[in-house]
Amino acid sequence: MARILVVDDEHNILELIKFNLEREGYQVITATSGDAALELALSWKPDLIVLDVMLPGRDGLEVCRAMNRDELTRGIPIIMISARGEELDRVLGLELGADDYVTKPFSPRELVARVKARLRRRQSSGGEAGPSPSRRLVYGPLVIDQDRFEVTVFGVPRDLTPKEFELLRFLASEPGKVFSRDHLLERIWGYDYTGDTRTVDVHVRHLRQKLDQASDAGGLIETVRGIGYRFKEVKKDL
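Residues numbered from 1 in each chain as written. Predicted model: local features only at pLDDT ≥ 70, side-chain atom pairs only at ≥ 80, totals over all residues. Heavy atoms only, no water.

### Details of the overall build of the chain
1) Next: When its secondary structure is counted, the chain shows 8 helices and 12 strands.
2) Next: Within the chain, counting contacts between residues at least 6 apart in sequence, those at least 24 apart form 60% of the total.
3) Next: For the chain, the exposed area adds up to about 11600 Å²; of that, 49% sits on carbon and sulfur atoms. (Helix = DSSP H or I, 4+ residues; strand = E, 2+ residues; numbered from the N terminus. Contact = heavy atoms within 4.5 Å. Areas by Shrake-Rupley, 256 points an atom, 1.4 Å probe, with all protein chains shown as cover.)

### Some remarks on the pairing of strand S8 (residues 150-153)
1) Next: Bridge count for strand S7 (residues 142-145) against S8 is 4 bridges, and the pairing is antiparallel. In the strand pairing of S8, Val143 is matched with Thr152.
2) Next: Of the strand pairs in this sheet, S8 and strand S9 (residues 156-157) are connected by 2 bridges, and their pairing is antiparallel. Note on S9: the bridge partner recorded for Thr152 is Pro157. (Pairing = 2+ DSSP bridges.)

### Here we look at the side chain of Asn68
1) Next: Mapped onto the elements of the fold, Asn68 is located in helix H3 (residues 60-69).
2) Next: Note on Asn68: relative accessible area 5%, which makes it buried.
3) Next: Ignoring sequence-local partners within four residues, the contact set of Asn68 consists of Arg74, Ile78, Leu96, Gly97 and Pro162. (Buried < 20%, exposed > 50% of the residue type's maximum accessible area, 1.4 Å probe, protein only.)

### Quick notes on the sheet that holds strand S4 (residues 78-82)
Paired through backbone hydrogen bonds, the strands of a sheet run either parallel or antiparallel to each other.
1) Next: Taken in spatial order, the 5 strands line up as S2-S1-S3-S4-S5 in an open sheet, and their pairing is parallel. Lying at the two open borders of the sheet, with one neighbouring strand each, are strand S2 (27-31) and strand S5 (100-103). Each neighbouring strand pair of the sheet contributes to a mean axis angle of 20 degrees, computed without reference to strand direction.
2) Next: Running over the sheet, helix H1 (residues 11-23) touches strand S1 (3-7), S2, strand S3 (48-52) and S4 and is turned about 170 degrees from S2. (Axes fitted to C-alpha atoms, helices over the stretch in contact; angles between N-to-C directions.)

### Considering the environment of Gly60
1) Next: Structurally, Gly60 is set in helix H3.
2) Next: In this structure Gly60 comes out as buried when scored by relative accessible area, which is 0%.
3) Next: With sequence-adjacent residues up to four places away left out, Gly60 is seen in contact with Leu51, Asp52, Val53, Leu55 and Met80.

### Points about the confidence of the model for the chain
Should pLDDT be low for a region, the predicted coordinates there are not to be read in detail.
1) Next: Summary statistics for the chain give a mean pLDDT of 83 and a share of 84% for residues scoring 70 or more.
2) Next: When the elements of the chain are averaged for pLDDT, helix H4 (residues 87-95) gives the smallest value, 66, and S1 the largest, 97.
3) Next: Note on residues 128-134: pLDDT under 50 across the span, and 20 contacts to partners over four residues away in sequence or across chains. (pLDDT = per-residue confidence, 0-100.)

### Here we look at the pattern of salt bridges
1) Next: A complete count under the given rule lists 14 salt bridges for this structure.
2) Next: When the shortest N-O distance is used, the salt bridge between Lys163 and Glu166 registers 3.8 Å. Taken together, the residues span about one helical turn, with Lys163 and Glu166 both in helix H6 (residues 162-172) at a distance of 3 residues. This pair shows no difference in class: Lys163 is buried, exactly as Glu166 is.
3) Next: Taken together, the salt bridges that share partners define one network made up of Asp8, Glu10, Asp52 and Lys104. (Salt bridge = Lys/Arg side-chain N within 4 Å of Asp/Glu carboxyl O.)

### Examining unusual backbone geometry
1) Next: The step from Lys104 to Pro105 runs through a cis peptide bond, and the omega angle for that step is -5 degrees.
2) Next: Residue position: Pro105 is located in the loop between S5 and helix H5 (108-124).
3) Next: If you check the backbone angles, Lys45 has positive phi at about 50 degrees while not being a glycine.
4) Next: On the secondary structure map, Lys45 appears in the loop between helix H2 (34-44) and S3.
5) Next: In the Ramachandran plot, Phe154 falls in the positive-phi region, its phi being about 55 degrees despite a non-glycine side chain.
6) Next: The residue Phe154 is located in the loop between S8 and S9 in this model.
7) Next: Classification of Phe154 as exposed rests on a relative accessible area of 58%.

### Some thoughts on the environment of Asp9
1) Next: Looking at the element boundaries, Asp9 is found in the loop between S1 and H1.
2) Next: C-alpha separation for the pair Asp9 and Gly34, spaced 25 residues apart in sequence, amounts to 9.4 Å.
3) Next: Dropping the residues within four chain positions of it, Asp9 is found in contact with Thr32, Asp52, Met54, Leu55 and Pro56.

Shown next as structure tokens:
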């Protein structure tokens, strides 16, 4: 039975989500603040978190950022919910590591469907998207350690979000192959993700910025105009 943590400071919404998830057989625990959510995520170790953005004290974006910096919680899928529907909020939540974003008011049936899809994806992929983490990928100064979920450039660690790591690893696993934005959305964010392809562009831009410090590693991700992106074919350092 999957364990789901639901975080919202509105009692009616909290109970509505809890009722619908429990009706589907999930084990649900709730929290009404960001600090409580972080404590429960560490102690209870849920399989998925439904997280409201607007929370008292530490908000949902801060909670998402903190969880994705902690090795103990960074692999937990997060579906963010918020009354704010602006694109900036959605993109920011996804940049911080959220897996999906639902805008209030939402249909409980839609939310349950997204929860099911995220849990299926996590189970079928062993909790990750992309190729299995069995080796290091080395391209000049860039090293992608798939076992430790670490990326270094000239030995210096780069602080990537889970989605940035998955996107980099996926592209680097097949250098030279061009992937469309739609294909990358499907493989990294999931077939049910409702955002647009600009999400991919934002993540690629941030990846390039983080990799290109005192190196040319950021240039390894090439734009193919009108199509998408590819990882540059370079000789690997063994």
